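# Residue-level structure breakdown
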Amino acid sequence: MKNILVSIDFNNSEKILIDKAIEMAKAFDSKIWLLHVAAPEPEFIGFGVGPQYIRDTRAEELRKEHRLLSDYTDLIRLENQECEGLLINGATIEMILEEARKLAIDLIIIGHHDHHIMYKAFFGSVASGVIKKANIPVLIVPLQD
């Protein structure tokens, strides 16, 4: 196992996933790919690329997410573990699987929150979607809300 992909979503549970990734990477001498999938760009029908204030707000959100991702990558490297951080836009499940394919990932680590039935009905679960579509092992780490 040479490449481990860890999907994080900045919900204050990243440390749990990072600790598990470091544990697995050390056991198998693997590289960690820390991935955050940012929400896709909003579509503004009839507005071209959207109002400036929306673009400014979105740009600030992306800068904040990039800083956090960089901080977590540095934290992993302090553990003498090879790590790269990736920030991409798009549909979460599809982007996780696409990056896993591109990077020849051997294991995906993803967190799972137990949501109520209405949330599951409307939004589903990223972890469940990745499990259903992945053709490589997926480690699900339970996270508390």
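Everything below is about the structure shown above.
Residues numbered from 1 in each chain as written. Predicted model: local features only at pLDDT ≥ 70, side-chain atom pairs only at ≥ 80, totals over all residues. Heavy atoms only, no water.

### Things to note about the packing of helix H3 (residues 92-102) against helix H5 (residues 126-133)
For the record, the criterion: Under this scheme, a helix contributes an axis fitted over its contacting stretch, all axes are lines through C-alpha atoms, and angles between N-to-C directions fall in the 0 to 180 degree range. Each helix is a run of H or I in the DSSP string that is no shorter than four residues. Each strand is a run of E no shorter than two, and both are numbered from the N terminus. For classification, angles of less than 35 degrees are called roughly parallel, those exceeding 145 degrees roughly antiparallel, those between 65 and 115 degrees roughly perpendicular, and all remaining angles oblique. By convention the crossing between two helices is left-handed if the near helix lies anticlockwise of the far one by an angle smaller than a right angle, and right-handed if it lies clockwise. Here, residues are in contact when the closest pair of their heavy atoms is within 4.5 Å. In this count, Pro and Cys sit with the nonpolar residues alongside Ala, Val, Leu, Ile, Met, Phe, Trp and Tyr, while Asp, Glu, Lys and Arg are called charged and the others, Gly among them, polar.
Between H3 and H5, the least distance of the axes is 9 Å, while the angle of their chain directions is 45°. Classed by the angle they form, the pair H3 and H5 counts as oblique. Helix-helix and strand crossings are classified by hand; for H3 and H5 the assignment is right-handed. Contacts from Thr92, Ile93, Glu94, Ile96 and Leu97 of H3 reach H5 at Val126, Gly129, Val130 and Lys133. In the contact of H3 with H5, the residues fall into five nonpolar, two polar and two charged.

### Brief notes about the packing of aromatic side chains
Inclusion rule: Here is the rule: rings of Phe, Tyr and Trp (six-membered ring for Trp) pair when centre to centre is within 6.5 Å. Planes less than 30 degrees apart are stacked, more than 60 are edge-to-face, and the remainder are tilted.
This model, assessed by the stated rule, comprises one aromatic pair. A centroid spacing of 6.3 Å and a plane angle of 15° characterise the contact between Phe10 and Tyr72, whose relative ring orientation is stacked. Of this pair, Phe10 sits in the loop between strand S1 (3-7) and helix H1 (14-28) while Tyr72 sits in helix H2 (residues 52-78), and the two are 62 residues apart along the sequence.

### A look at the side chain of His36
For clarity, the cut-off: A 1.4 Å probe rolled over the protein chains alone gives each residue an accessible area, and that area as a share of the maximum for its type sets the label: buried under 20%, exposed over 50%, partly exposed in between. Polar contacts, as used here, are pairs of N or O atoms within 3.5 Å; protein pairs need one atom able to donate a hydrogen and one able to accept it. Residues neighboring in sequence count only if both atoms are side-chain atoms.
Mapped onto the fold, His36 is located in strand S2 (residues 31-38). Owing to a relative accessible area of 4%, His36 belongs among the buried residues under this scheme. At a separation of 3.4 Å, a polar atom in the side chain of His36 contacts the side chain of Glu65. Those residues in contact with His36 that sit more than four places away from it in its chain are Ile8, Asp9, Phe10, Glu65, Leu86, Leu87 and Ile88.

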